[in-house]
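Descriptive structure summary
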Amino acid sequence: MDAGATSIFAREGAPEPVVAIALGSGGARGFAHIAVLEALDELGVAPAAIAGTSIGAMIGAAYAAGMRGRDIRAYALGAVRSRGEMMGKLLRARVGRFSDLVLRGRGNPVLLDSEVCLDLFWPEAVPDFFEELTKPLLVVATDFYDRRELVISSGALGPAVAGSMAIPGLIQPVAYDGRFLIDGGAVNPLPYDLLFDHADIVVAVDVTFGGRRRESRRPAPFQSMFGAAQIMQGAITAQKLKMRSPDILVRPGVEQFGVLDFLRASQILRAAESAKDELKRRLSARFEAALRD
């Protein structure tokens, strides 16, 4: 909670509705989650539980560790401030080397180890185990061989989040408890459905909504691969929303950004400001209605 932020329920001496938040997948677009978390801090609302997929799991873990939204913002902007430093870390996280491909005819010189990436980019405030977090966290990954959703909420935190972020073709699958995990976005890109039993008000932040502007040129191979994943995740979310919607659905206007636009973090955060204001208005309205009831 930011200094001076006091819940209206604390002022009125009334019981406060329990809030939980789901942070969805979406690559670099997920920087928008930070602005939404700042909205909670500024309202003085501490979520009872957090569910996250892929980038949502990574940012959710930092928040569940006790970092405030503004602290996560400062850390994230610092991590991507220098293109050279960021590329150097990614090179250190490569699974293979170009020599493997050229001399041995095997390997993938651009494939990344997600656990190494986390070690290089994650804040030190994030602990090693779920049990050391200050808020409950549910991480969604995909069990590759069982072809199903895996929700992880206990044990080693790093491998769970790394598995949730393991985008096929970019990050190698993560070994976890006798399984191999890939991107949770393949099964549950916006995991708000995991939170209905945890809260009175479930907030979901969807950053896969909306496509990029139409262009006349043919999509490049990487653009096609990641674009197809975004289309699939959007379709999954659309079907979930038909069955049951979260109490508050927030869709930051970040559709103009690509999955790998991490160096545009400051622009993504600026684009998410309107979503931050929207959540503050909608949550405040919900709280005021609860006070009247």
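Being a predicted model, the structure only gives us computed values, none of them experimental.

**Considering the overall build of the chain**
Secondary structure assignment for the chain yields eleven helices and eight strands. Of all 293 residues assigned to the chain, the portion counted as buried reaches 51%. Look at the contacts in the chain between residues 6 or more apart in sequence, and 76% of them connect residues 24 or more apart. Entry remark: accessible area of the chain is about 14000 Å², with carbon and sulfur atoms responsible for 53%.

**Considering the environment of P47**
Among the secondary structure elements, P47 is positioned in the loop between helix 2 (32-43) and strand 2 (49-53). When the C-alpha positions of P47 and I201 are compared, they lie 9.6 Å apart, and in sequence the two are 154 residues distant. With near-sequence residues (within four places) excluded, P47 lies in contact with V19, A20, I21, L40, Y63 and K135.

**Details of the pattern of salt bridges**
Enumeration over the complete set of coordinates arrives at 13 salt bridges. The partner of E38 in a salt bridge is R73, with the nearest N and O atoms 2.7 Å apart. Taken together, the residues span a long stretch of sequence, with E38 in helix 2 and R73 in helix 4 (residues 69-79) at a distance of 35 residues. One exposure class covers both E38 and R73, and it is buried.

**Overview of the nonpolar core**
Counting 76 residues, the largest nonpolar core has I21, L137, L157, V161, L279 and L283 as the members making the most contacts within it. Residues A22, V140, L195 and V202 belong to the second largest nonpolar core, which totals 15 residues.

**Things to note about helix 3 (residues 55-64)**
Within helix 3, ten of the ten residues are buried, leaving the element largely enclosed by the surrounding structure. Listed in full, the buried residues belonging to helix 3 are I55, G56, A57, M58, I59, G60, A61, A62, Y63 and A64.

**Regarding the pairing of strand 4 (residues 148-152)**
Sheet topology note: the strand 3 (residues 137-143)/strand 4 ladder contains five bridges and is antiparallel. Note that in strand 4 the partner of D143 across the bridge is R148. The turn joining strand 3 and strand 4, which pair antiparallel and follow one another in sequence, is formed by four residues; a positive phi near 55 degrees is taken by R147.

**A short note on the confidence of the model for the chain**
Mean pLDDT over the chain stands at 87; residues scoring 70 or higher make up 88%. Across residues 98-107 the pLDDT falls below 50, and counting only partners more than four positions away or on other chains, this stretch makes seven contacts in the model.

**Notes on the layout of surface pockets**
Size it by volume and the largest pocket reaches roughly 940 Å³. Around the largest pocket, the lining comprises 40 residues; the ones closest to its centre are M86, L90, L112, F121 and F262. For the lining of the largest pocket, the secondary structure elements donating two or more residues are helix 3, helix 4, helix 5 (83-92) and helix 7 (114-121). Element by element, the count of residues in the lining of the largest pocket is highest for helix 5, at five residues.

Calculation rules
- By convention here, each chain's residues receive numbers from 1 onward along its written sequence.
- Local features in a predicted model are, by the rule used here, given only for residues with pLDDT of at least 70; side-chain atom pairs are given and counted only at 80 or more, and totals for whole chains, interfaces and linings are based on all residues.
- Just so you know, side-chain values use all the structure's heavy atoms and leave hydrogens and water out.
- Labels follow the DSSP assignment, with helices taken as runs of H or I lasting at least four residues and strands as runs of E lasting at least two, numbered in each case from the N terminus.
- Buried means the residue's accessible area, taken with a 1.4 Å probe over protein chains only, is under 20% of the maximum for its type, while exposed means over 50%, and partly exposed covers the values in between.
- The contact definition used throughout considers only heavy atoms, calling two residues in contact when any of these lie within 4.5 Å.
- Every accessible area reported is derived by Shrake-Rupley at a probe size of 1.4 Å, with residue values counting cover from the shown protein chains alone.
- Salt bridge criterion: a side-chain nitrogen from Lys or Arg within 4 Å of a carboxyl oxygen from Asp or Glu.
- We call a set of buried Ala, Val, Leu, Ile, Met, Phe, Trp, Tyr and Cys residues a nonpolar core when their side-chain atoms join them within 4.5 Å.
- If DSSP finds at least two bridges between two strands, the strands pair.
- Confidence scores labelled pLDDT are given residue by residue by the predictor and lie between 0 and 100.
- Site definitions follow a grid-based scheme: protein atoms alone, a 1 Å grid, a 1.4 Å probe that fits but cannot get out for cavities, and for pockets an open set with protein on both sides within 12 Å along at least five of seven lines, plus lining residues having an atom within 4 Å of a point.
- Grid points are joined across faces, edges and corners, and a volume is the space filled by probe spheres set on the points.

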